Amino acid sequence: MDMRRTMKQHSTERKKKAYVETYGCQMTVSDGELMQGILAAHGYDLATTPEEADVILVNTCAIRDHAEQRVLGRVGQLNALKKERPDLLLGVTGCMAKRMGEELLERAPYVDLVMGPDGYRGLPDALERLEEGARGGVGTERDEAAAEAGDVAAPAKSRPAGSGASTRRRGPQLAVLDLNLGENYQGLEQRRTDGPAAWVPIQRGCDHRCTYCIVPYVRGPEKNRDAAEVLAEVRALAERGVSEVTLLGQTVNSYATEGWSFPRLLRAVARVDGIRRVRFTSPHPGDVTPELVEVMATEPAVCEHLHLPAQSGSDRVLRRMLRRYTVASYLEKVEMVRAAVPDMAISTDLIVAFPGETEEQFRETLDLVRTVRFDEAFTYRYSPREGTPATRLPAADFIEAEEGQARLEELIEVARGVQAEINRSEVGRVEEVLVERAARHEGQILGRTRRNKVVVFDGDVARVGDYTRVVLERTTGATFTGREAPAGLAAVGA
Ligand code: SF4
């Protein structure tokens, strides 16, 4: 890609506007920021609505079928804009783009580009190629340049105009789907919205093979960023006024590079001047080590919150999921953390109705919730993902949707009950809160405690970024309302 040519071109023409709309997990959100950074560095302005954009990228997740259906619906809606402005380029990026690939171009023929999570470095180049293709006329049979470049998979077959496509195609479609084992986006800058908190990706991909999970197939093996680069980024964020960072990775605590383990990196980040809070997500229970717990217990900036995915409370289900730990070893990790930091809030992810899960095994998951007493549980019904090993389990093992839904609802009820009990017991505490944004009601603001609890209280939106002490006065069960504490009342742990 000739960047000088692109920049020159943009200096003489109206700057093109790009709009990135993200659906998915924190890693997908972080990738959206990365794409915005890449596009801004190549002369694009960032649009705040799809209506004003020349390029719309729908940035996606593939973890659950429901999320994919939502994205397909959204892309269909955006096609209305494309009908008004045929020059508009519409792309689908991220894990769903990688998983569906050319099938997506077939199902949504008005989509110009599908690009998997390892292709973003080449995004401006791909967009330029699509523009050139469109200038060249209707539907090319094959994007030879792309095929020669080797980084672009063969594009979907072009369709003759009007052959069932709801939008007449003016140019080629591109599918950029290859995994790149070395791509960790070293050296590229993300474009973050201003605010007191930032996500910092330190790792991409995953070396595990949990049998229900599509991540290793769409994001490839684990790739870790240089510790020096991560630290430089955190220092730069702190200089810009960011005081809370969350280190991100699929199994963030398995991070390892030359001379650096995750605990060492966590300690170094926690000691960056100006950084007052550090979080990380999501750790794998197998890599919760005494060394990590020691850093969590001794570094004041590391928050008293641990999101520790359990997935199931049954050893037999965990074995079929290939999670590589047992319920007993999970509980040992929880004990180790709580022994070191008694006030630690613990949240988790749980899946019900995994193929073959018996009623008794499901009840073991309910028991786990009651035993650990999670502060928050993110609960899911198993969603088969094509290409994952679990989909090849015997058909008879698959649990009827109705039964799966009933289990999910029971789990939600139990988990919410535990959460409400915990939160009610915390009413009256004084907690340090970082103000994040305006709340729904005028005159109120919303923030988070170190233990990741959401609190709404009276205040002006100009306070975003401030730390204050708040008395927790009431809880809905999940969130709190409170009031700022009078001077002299210290926050818990302060
Ligand atoms: Fe998926 Fe398992 Fe890797 Fe998590 S650890 S991303 S669930 S394969």
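The preceding data block contains the structure.
Below is a short write-up of the structure. (Residues numbered from 1 in each chain as written. Predicted model: local features only at pLDDT ≥ 70, side-chain atom pairs only at ≥ 80, totals over all residues. Heavy atoms only, no water.)

### A short note on the site of the ligand
Within the structure, the ligand sits among Cys 206, His 208, Cys 210, Tyr 212, Cys 213, Val 215, Pro 216, Gln 250, Thr 251 and Arg 323. A class-by-class count of the residues in the shell around the ligand yields 6 nonpolar, 3 polar and 1 charged. (Near = heavy atom within 4 Å. Nonpolar A, V, L, I, M, F, W, Y, C, P; charged D, E, K, R; others polar.)

### Concerning the packing of aromatic side chains
Following the criterion strictly, the structure yields 7 aromatic pairs and no others. Aromatic pair Tyr 325 and Tyr 330: ring centres 6.1 Å apart, planes at 35°, arrangement tilted. Taking the centre distance of 5.3 Å and the plane angle of 75° together, the rings of Phe 354 and Tyr 382 count as edge-to-face. Taken together, the residues span a long stretch of sequence, with Phe 354 in the loop between strand S15 (345–352) and helix H14 (359–372) and Tyr 382 in the loop between strand S16 (376–381) and helix H15 (401–426) at a distance of 28 residues. The class for Phe 354 is buried, based on a relative accessible area of 0%. (Phe/Tyr/Trp six-rings, centres within 6.5 Å; stacked < 30°, edge-to-face > 60°. Helix = DSSP H or I, 4+ residues; strand = E, 2+ residues; numbered from the N terminus. Buried < 20%, exposed > 50% of the residue type's maximum accessible area, 1.4 Å probe, protein only.)

### Quick notes on the pairing of strand S20 (residues 467–475)
Bridging between strand S17 (residues 430–438) and S20 involves 5 bridges; their strand directions are antiparallel. Following the sheet pairing, Leu 434 is matched in S20 by Tyr 467. For S20 and strand S21 (residues 480–484), the ladder comprises 5 bridges, and the chain directions are antiparallel. From the neighbouring strand, Leu 472 faces S21, where its bridge partner is Gly 482. Remark: 4 residues form the turn of the hairpin made by S20 and S21, two consecutive strands paired antiparallel; Gly 477 in that turn has positive phi of roughly 115°. (Pairing = 2+ DSSP bridges.)

### Concerning the pairing of strand S10 (residues 244–248)
Counting buried residues along S10, 5 of its 5 residues qualify, which places the element largely inside the surrounding structure. Judged by which residues are buried, S10 turns out to be covered on both faces: Glu 244, Thr 246 and Leu 248 on one side and Val 245 and Leu 247 on the other are all buried. Bridging between strand S7 (residues 197–201) and S10 involves 5 bridges; their strand directions are parallel. Paired with Pro 201 across the two strands is Leu 248, which belongs to S10.

### What to know about the sheet that holds S7
Sheet architecture is open: 3 strands sit in the order S7-S10-S13, paired in parallel fashion. At either margin of the open sheet sits one strand with a lone partner, and together these are S7 and strand S13 (277–281). The sheet shows a mean angle of 20° between the axes of neighbouring strands, direction not considered. The pairing of S10 with S13 spans 5 bridges and is classified as parallel. Looking at S13, one finds that Thr 246 is bridged to Arg 279. Sitting on the sheet, helix H2 (residues 26–41) is in contact with S7 and S10, with an inclination near 95° to S7. (Axes fitted to C-alpha atoms, helices over the stretch in contact; angles between N-to-C directions. Contact = heavy atoms within 4.5 Å.)

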